[in-house]
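# Breakdown of the fold
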Amino acid sequence: MDIYNKRIEQLKSVMKQNNYNAFYTSNITNVRYLSGFTGSSGFLLITDEGDHFFSDGRYTEQSKNEIHNYSIHITTNHLKCMNAEKLLNSSWNMCFEGNHLSYDMYTKFKSSCNVKELVAKNDMVENIAAVKDQTEIDALQTAVDITDRVFDLILPEIREGVTEKHIASKISYFFKQEGGDGDSYDPIIASGANGALPHATPSDNKVKRGDFIVMDFGSLYKGYHADMTRTVVVGNPSDKHKEIYNIVLASQLAGIEYAKSGVKCSDLDKACRDVIDTAGYGDLFMHSTGHGLGLEVHTMPRISSVNHETLKENNVITIEPGIYIAGWGGVRIEDDCLILKDSCRPMNSSTKELTVVG
């Protein structure tokens, strides 16, 4: 059984448990996860009586090469095609992804799909995809390895007078040079006071001596996203630089030590947060501790105080605590981590010692 058949069977098991006879997705990430299709427009209908892939004429040849587990339908109107080919049954319960389907599309579905009941069901695919198979782990590890190499390449580029945009553009160039497919997301490069903004956009701000530089970036590889943050200092670090950095590092290491299969996501968040709270900077750690990685850069599970679900073996997550001081700067340290039965294995190898540049 290939990986896509296995994923389809896992989904059908969930469908059966919920008494669903058909499942529809238009979310292109989930389409790729369930079928291997890498184009930008595709739809899946998975039913008790057969599984179907829909796309348009742009992807006639591509779908022949990539789709092996579905009947392929090339059409300009997949809803009309479903009805014309009688792919649905009036006695069926059909579910769709309510968090991905637009209201306009839902109304078209409701009026045109001849089924007994149409039900919104969120995160069915995402919950399956949160537990990675070896193919996914290997792709993620390659993306992480590329990211680590690019970190080493970018350090000599960082010096007084270069702009945040320059650093970001060089990172993007290096990803492709090192075998990646591009950026996992737009790099966050935040120097000086900009480092107090957790999701700062690279600007024309020039790096200055005494700046912390928060660098959050990751390579894309075969659709899988790496996501690493390192914070470096330009010139000799002050006592304040060392204090804040070492608190964040202790928090991040505490999370890695605590994480394993069976641990609640909220408890992992607390393990990191407690270190920063005890040091007196709790109010300045204002985001969750991490998130899952995969075909999207932010996916399940969410490592936050409000998510009480437990980690599972072969989850791949980030652990990324931070401290952000308005008007001064910030520190964030982030690794991509593979959850094992009794431990957590960081996938990154980049140093987490306070690195001096420039």
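Let us look at the structure shown here. (Residues numbered from 1 in each chain as written. Predicted model: local features only at pLDDT ≥ 70, side-chain atom pairs only at ≥ 80, totals over all residues. Heavy atoms only, no water.)

## Brief notes about the overall build of the protein chain
Convention followed: Working definition: helices are DSSP H or I runs of at least four residues, strands are E runs of at least two. Numbering for both runs from the N terminus. Atoms considered for the radius of gyration are the C-alpha atoms alone. The globule rule reads 2.2 Å times the number of residues to the power 0.38. Residue exposure (1.4 Å probe, protein chains only): buried if accessible area is under 20% of the type maximum, exposed if over 50%, otherwise partly exposed. Residues count as neighbours in contact if any of their non-hydrogen atoms are within 4.5 Å of one another.
Summing up its helical and strand segments, the protein chain has 10 helices and 20 strands in all. For 358 residues, the compact-globule estimate of 2.2 N^0.38 gives 21 Å, and the protein chain sits close to it at 23 Å. Looking at the protein chain as a whole, 54% of its 358 residues are labelled buried. Sequence separation of at least 24 residues holds for 67% of the intrachain contacts in the protein chain that already meet a minimum separation of 6.

## A few points about the sheet that holds strand E20 (residues 355–357)
Condition: Pairs of strands are assigned from DSSP output, requiring at least two bridges between the strands. Lines fitted to the C-alpha atoms define the axes, with helices restricted to the stretch that makes contact. Angles between their N-to-C directions range from 0 to 180 degrees.
The 4 strands are arranged E8-E9-E12-E20 in an open sheet whose pairing can be described as mixed. On the outer flanks of this sheet lie strand E8 (188–191) and E20, each paired with one strand and no other. The mean inter-strand angle of the sheet, taken between neighbouring strand axes irrespective of direction, is 25°. Two elements, strand E9 (residues 212–217) and strand E12 (residues 228–234), share 6 bridges in a ladder whose sense is antiparallel. Its bridge partner lying in E12, Met-215 is registered against Arg-230. The sheet contacts of helix H8 (residues 164–177) involve E8 and E9, and relative to E8 the element is tilted by about 150°.

## Some thoughts on the nonpolar core
Threshold: Side-chain atoms within 4.5 Å link the members of a nonpolar core, which is a set of buried Ala, Val, Leu, Ile, Met, Phe, Trp, Tyr and Cys residues.
Counting 57 residues, the largest nonpolar core has Leu-11, Phe-23, Leu-34, Ile-167 and Met-215 as its most contacted members. The greatest single-element share of this core, amounting to 9 residues, is contributed by helix H7 (residues 134–154). With sequence-adjacent residues up to four places away left out, Ile-167 is seen in contact with Ile-154, Ile-158, Val-162, Ile-189, Val-207 and Met-215.

## Observations concerning the sheet that holds strand E4 (residues 71–74)
Pairing is mixed in the open sheet, where 6 strands are placed in the order E4-E3-E2-E1-E5-E6. Two strands in the sheet have a free side with no partner beyond their single neighbour: E4 and strand E6 (117–120). On average, each strand axis in the sheet is tilted by 20° relative to the strand beside it, whichever way the strands run. Where strand E3 (residues 50–55) lies against E4, 4 bridges are found, and the strand directions are parallel. The residue of E4 that forms the bridge with Ser-55 is Ile-74.

## A short note on the pairing of E12
Taken across its 7 residues, E12 has 7 buried, putting it largely inside the fold. Judged by which residues are buried, E12 turns out to be covered on both faces: Met-228, Arg-230, Val-232 and Val-234 on one side and Thr-229, Thr-231 and Val-233 on the other are all buried. Taken together, the 3 bridges between E12 and E20 define a ladder with parallel strand orientation. Within E20, the residue paired with Val-232 across the bridge is Thr-355.

## Section: helix H9 (residues 239–258)
To keep it simple, the criterion reads: Helix span is expected to be 1.5 Å times the residue number reduced by one.
The end-to-end C-alpha separation of H9 is 28 Å, in line with the 28 Å expected for 20 residues at 1.5 Å each. Looking only at H9, the buried set comprises His-241, Ile-244, Tyr-245, Ile-247, Val-248, Leu-249, Ser-251, Gln-252, Gly-255 and Ile-256.

## Here's the deal with the packing of aromatic side chains
To keep things clear, this is the line we draw: Working definition: a ring pair exists when centres of Phe, Tyr or Trp rings (six-membered ring for Trp) sit within 6.5 Å. Plane angles under 30 degrees give stacked, over 60 give edge-to-face, the rest tilted. Charge over a ring is defined by NZ of Lys or CZ of Arg lying within 6 Å of the ring centre and within 35 degrees of the ring normal.
In the structure shown here, the tally under the stated rule is 10 aromatic pairs. For the ring pair Phe-175 and Phe-217, a centre distance of 6.2 Å and an interplane angle of 40° mean the geometry is tilted. In this pair, Phe-175 is assigned in helix H8 and Phe-217 in strand E9, connecting sequence segments 42 residues apart. In this pair, the class of Phe-175 matches that of Phe-217, namely buried. In this arrangement the basic side chain of Arg-7 is found over the ring face of Tyr-33, its NZ or CZ atom lying 4.1 Å from the centre.

## Some details on the layout of surface pockets
To be explicit about the condition: A cavity here means a set of 1 Å grid points, computed over protein atoms only, where a 1.4 Å probe fits but cannot escape. A pocket is an open set with protein on both sides within 12 Å along at least 5 of 7 lines, and lining residues have an atom within 4 Å of a point. Grid points are joined across faces, edges and corners, and a volume is the space filled by probe spheres set on the points.
Reported here for the largest pocket is a volume of approximately 300 Å³. Glu-126, Glu-296, His-298, Thr-299 and Met-300 are, among the 22 residues lining the largest pocket, the residues nearest its centre. Secondary structure elements with two or more residues in the lining of the largest pocket: helix H2 (28–35), helix H6 (124–129) and strand E14 (299–303). The greatest single-element share of the lining of the largest pocket, amounting to 4 residues, is contributed by E14. What the second largest pocket holds in volume is close to 250 Å³.

## Quick notes on helix H1 (residues 3–17)
Rule in force here: The arc in question is the one traced by the directions running from the helix axis out to the C-beta atoms. Polar contact is the term for a pair of N or O atoms within 3.5 Å; when the atoms are in protein, one must be able to donate a hydrogen and the other to accept it, and sequence-neighboring residues count only if both atoms are side-chain atoms.
With 15 residues, H1 should cover 21 Å at 1.5 Å per step; its first-to-last C-alpha distance of 21 Å lies within 8% of that length. Among all positions of H1, only Arg-7, Ile-8, Leu-11 and Met-15 are buried. Along the axis of H1, the buried positions cluster into a sector of 100°, meaning they face one direction only. Relative to its buried face, H1 has exposed residues pointing more than 90 degrees away, namely Lys-16 and Gln-17. A side-chain oxygen of the first residue of H1 lies 3.1 Å from the backbone nitrogen of Tyr-4; this N-cap is Asp-2. Positive phi appears at Asn-19, one or two residues downstream of H1, with a value of about 65°.

Geometric descriptors of this kind do not, in isolation, establish any biological role.
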